[in-house]
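# Summary of the model geometry
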Amino acid sequence: MGTKNTTLLVIVICSIVGAILYLQNQLPARISGNSVAIVPFGVSVATSTSDVSKTLPDLSTVASLRQAEKSKKYPLAKEIVSPTGFINTDLDATGKPLALTIQSLIGKKVILLDIWTYSCINCQRTLPYLKSWYDKYKDQGLEIIGLHVPEFEFEKDYANVSAAVKKFGITYPVVLDSNASTARAYGMQYWPEEYLIDIDGFIVHKSIGEGGYEEKENKIVELLNERMKVFGLSGQVKTSVTKIDELVSPRPESPETYFGSDRNQYLSNGVAGKSGVQSFSLPKTATINALYLGGDWDVQPEFAENKKAGATIEFRYKAQEVYFVASSLQGAQIKIYQDGVLVTDARGEDVAADSTAQIKEDRLYKLIKNKTVEEHTLKIEMESSGLDAYTFTFG
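Residues numbered from 1 in each chain as written. Predicted model: local features only at pLDDT ≥ 70, side-chain atom pairs only at ≥ 80, totals over all residues. Heavy atoms only, no water.

### Details of the overall build of the protein
Going by this rule: Labels follow the DSSP assignment, with helices taken as runs of H or I lasting at least four residues and strands as runs of E lasting at least two, numbered in each case from the N terminus. The rule is simple: take the accessible area with a 1.4 Å probe, protein chains only, and divide by the maximum for that residue type; under 20% is buried, over 50% is exposed, in between is partly exposed. Contacts are assigned to residue pairs that have any heavy atoms within 4.5 Å of one another. Only the protein chains shown count as cover for residues, and the accessible areas themselves come from Shrake-Rupley with a 1.4 Å probe.
Broken down by element type, the protein carries six helices and 16 strands. Considering the protein as a whole, with its 395 residues, one finds that 47% of them fall into the buried category. The long-range fraction of contacts in the protein, counting pairs at least 24 apart against all pairs at least 6 apart in sequence, stands at 72%. For the protein, the accessible surface area stands at approximately 19,900 Å², while carbon and sulfur atoms represent 53% of it.

Following this line, the structure appears as structure tokens:
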């Protein structure tokens, strides 16, 4: 081949290489870091270069661009940290529940992370909605994770949590966060708190406490439809908003009131913040939202334990319902009075027709249910020793 022809060939090759480099520079760069590349189920990216017109777009790049836009508005979900147990997850060969991670669900599911604890009445009120959403949307891409963060020591006990999950009819996975490691990572402040995590792993919605159920369900449906679009699936997830009218929370005017020395600032006839055995006498007149004890009580950091039968608790409250977190190792019977007489029509579901309640398990007991928010004086009389009183909550 002559020199002239060789020179021409070199020019042609250089032109081709230059064109390729130019085109490469026009393509969008991939996003690196914490982004998750998502390829729709049932779709494969073409690898043959024989027919460029039939090659599908680079879906991982499309996902990265979508995630880059979201990262400007939303934080990424945090992983579960130092879990202490799992309930309702898959089992290994020995029948032990397998660990669950948030990362394993990102790119596959929309996740609702519900931070709760089983003796919290506000948490209990949200459960019918969570269970309804799980039943309606679990087959359409929703996963709910109940992150159980204990308030009291007894709520760290796996058997107690497992029994509560069964009692409440919870079928979605529950992760025990007994050291509150994951809760701290999320900056949790209250029970309950809920976080909605989208298909790309971003926290796109946060809620605290009860209420806002329609808004949350509509957001779930919105995220499920985004998931379908990402996966290239046809159809649309539709919502029929869950309505549970009887669980509309009243507005009590009495605060949560603790018996243990760590938080018993409402104790009004003894030394608040002091641990150990104290003798108490009830006043002639009870001040509203003031805690009074009668008899001998051993006040510990989380609870107060009555030392003898005949000990009493008195509290003047303004609320519709009164709840009592308590336990008794050997079992204890208590009598419930409202405004000086044994409670009858206003008794809660844990109070028998004879106005007594049996205290045994570590849990929340429902003592009073009035027709509306009302002011009354509650008195509890212990028929034996050994009851551990943790807190009053109101609804």
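### Focus on the environment of Glu305
Inspection of the secondary structure assignment puts Glu305 in strand E10 (residues 304-306). Looking at Glu305, the relative accessible area reads 24%, which means it is partly exposed. Each C-alpha atom, one on Glu305 and one on Ser385, is 7.8 Å from the other, the two residues being 80 residues apart in sequence. Ignoring anything within four residues of it in the chain, the contact list for Glu305 reads Asp296, Trp297, Asp298, Gly386, Leu387 and Asp388.

### A short note on the pairing of strand E5 (residues 193-197)
Let me state the cut-off plainly: DSSP bridges decide pairing: two strands pair if at least two such bridges lie between them.
Taken across its five residues, E5 has five buried, putting it largely inside the fold. By the bridge criterion, five bridges tie strand E2 (residues 110-116) to E5 in an arrangement that is antiparallel. Each residue of the ladder has a partner; that of Ile115, found in E5, is Glu193. Taken together, E5 and the strand that follows it, strand E6 (residues 203-208), pair antiparallel across an intervening segment of five residues, in which Gly201 is found at a positive phi of about 90°.

### Section: the packing of aromatic side chains
What characterises a pair of aromatic rings is the spacing of the ring centres plus the angle enclosed by the ring planes. To be explicit about the condition: Pairing of aromatic side chains requires ring centres within 6.5 Å, counting the rings of Phe and Tyr and the six-membered ring of Trp. Pairs whose planes differ by under 30 degrees are stacked, by over 60 edge-to-face, and all others tilted. Charge-over-ring contacts are defined here by two conditions on Lys NZ or Arg CZ: a distance within 6 Å of the ring centre and an angle within 35 degrees of the ring normal.
Taken as a whole and assessed by the stated rule, the structure comprises 18 aromatic pairs. Pairing Tyr134 with Tyr172 gives two aromatic rings, centres 5.7 Å apart and planes at 75°, and the pair type is edge-to-face. Residue Tyr134 is located in helix H3 (residues 121-137), and its partner Tyr172 is located in the loop between helix H4 (158-168) and strand E4 (174-176); the two are separated by 38 residues in the primary sequence. The exposure class of Tyr172 is buried, given its relative accessible area of 1%. Grouped by ring-pair contacts, the aromatic residues Tyr118, Phe152, Phe154, Tyr258, Phe303 and Tyr390 constitute a single cluster. It is Lys379 that lies over the ring of Tyr337; its NZ or CZ is 5.9 Å from the centre.

### Some thoughts on the nonpolar core
Defined as follows: Here, nonpolar core refers to any group of buried Ala, Val, Leu, Ile, Met, Phe, Trp, Tyr and Cys residues whose side-chain atoms link them within 4.5 Å.
Counting residues in each nonpolar core, the largest one holds 43 residues, and the members touching the most others are Leu112, Trp116, Trp133, Tyr137, Leu142, Ile170 and Ile220. Secondary structure elements with two or more residues in this core: E2, H3, strand E3 (142-148), H4, E4, helix H6 (213-231) and strand E11 (312-327). No other element matches H3, which puts eight residues into this core. Here Leu142 is in contact with Val110, Leu112, Trp133, Tyr134, Tyr137, Ile220 and Leu224, once residues within four sequence places are set aside. One finds Val322, Phe324, Ile336 and Ile359 within the second-largest nonpolar core, a separate group that totals 34 residues.

### Description of the pairing of strand E16 (residues 388-394)
Along E16, seven of the seven residues are buried, which leaves the element largely enclosed by surrounding structure. Strand direction decides the pairing type here: E10 and E16, joined by two bridges, are antiparallel. In the strand pairing of E16, Glu305 is matched with Asp388. Examined bridge by bridge, E11 and E16 share six bridges and lie antiparallel to one another.

### Some points on the packing of H3 against H6
To keep things clear, this is the line we draw: Inter-axis angles, ranging from 0 to 180 degrees, are taken between N-to-C directions of lines fitted to C-alpha atoms, where helices are fitted over the stretch in contact. Angles are sorted into four bins: roughly parallel if under 35 degrees, roughly antiparallel if over 145, roughly perpendicular if 65 to 115, and oblique for all others. In this scheme the handedness of a crossing depends on how the near helix is turned from the far one: anticlockwise by less than a right angle means left-handed, clockwise means right-handed.
It is at 12 Å that the axes of H3 and H6 come closest, and there the two elements cross at 25°. Classified by the interaxial angle, the pair formed by H3 and H6 is roughly parallel. Handedness of the H3/H6 crossing: right-handed. In this structure, H3 contributes Arg125, Thr126, Tyr129, Trp133, Lys136 and Tyr137 to the contact, and H6 contributes Tyr213, Lys216, Glu217, Ile220, Val221 and Leu224.

### A look at the side chain of Glu151
Within the element layout of this structure, Glu151 appears in the loop between E3 and H4. If we ignore the near neighbours within four places in the chain, the residues touching Glu151 are Thr117, Trp191, Glu256, Tyr258, Arg263 and Glu302.

### What about H6?
Heads up, the condition is: Multiplying 1.5 Å by the helix residue count minus one yields the expected span of that helix.
The end-to-end C-alpha separation of H6 is 27 Å, in line with the 27 Å expected for 19 residues at 1.5 Å each. Residue Gly232 follows H6 closely and has a positive phi angle near 70°.

### Some words on the pattern of salt bridges
How we decide: Here, a salt bridge means any Lys or Arg side-chain nitrogen found within 4 Å of an Asp or Glu carboxyl oxygen.
The final tally for this structure, using the stated rule, is 20 salt bridges. Between Glu217 and Lys136 there is a salt bridge whose closest N-O contact spans 2.6 Å. Taken together, the residues Glu217 in helix H6 and Lys136 in helix H3 connect sequence positions 81 residues apart. Residue Glu217 is classed as buried on the basis of its relative accessible area, which comes to 1%. Lys318 serves as the salt-bridge partner of Glu253, at 3.7 Å between the closest nitrogen and oxygen. Note that Glu253 is positioned in the loop between H6 and strand E7 (257-258) and Lys318 in strand E11, a separation of 65 residues in sequence.

### Here we look at the sheet that holds E3
Taken in spatial order, the six strands make up an open sheet running E1-E4-E3-E2-E5-E6, and their pairing is mixed. Strands with a single pairing partner mark the edges of an open sheet, and in this sheet they are strand E1 (85-87) and E6. Sheet twist, expressed as the mean angle between neighbouring strand axes with direction ignored, is 20°.

### Quick notes on the confidence of the model for the protein
Where we set the bar: Think of pLDDT as the predictor's per-residue confidence, scored from 0 to 100.
Taken over all residues, the pLDDT of the protein has a mean of 86, while the share at 70 or more is 83%. Across residues 3-57, confidence stays below pLDDT 50; counting only partners more than four residues off in sequence or on other chains, it has 41 contacts.

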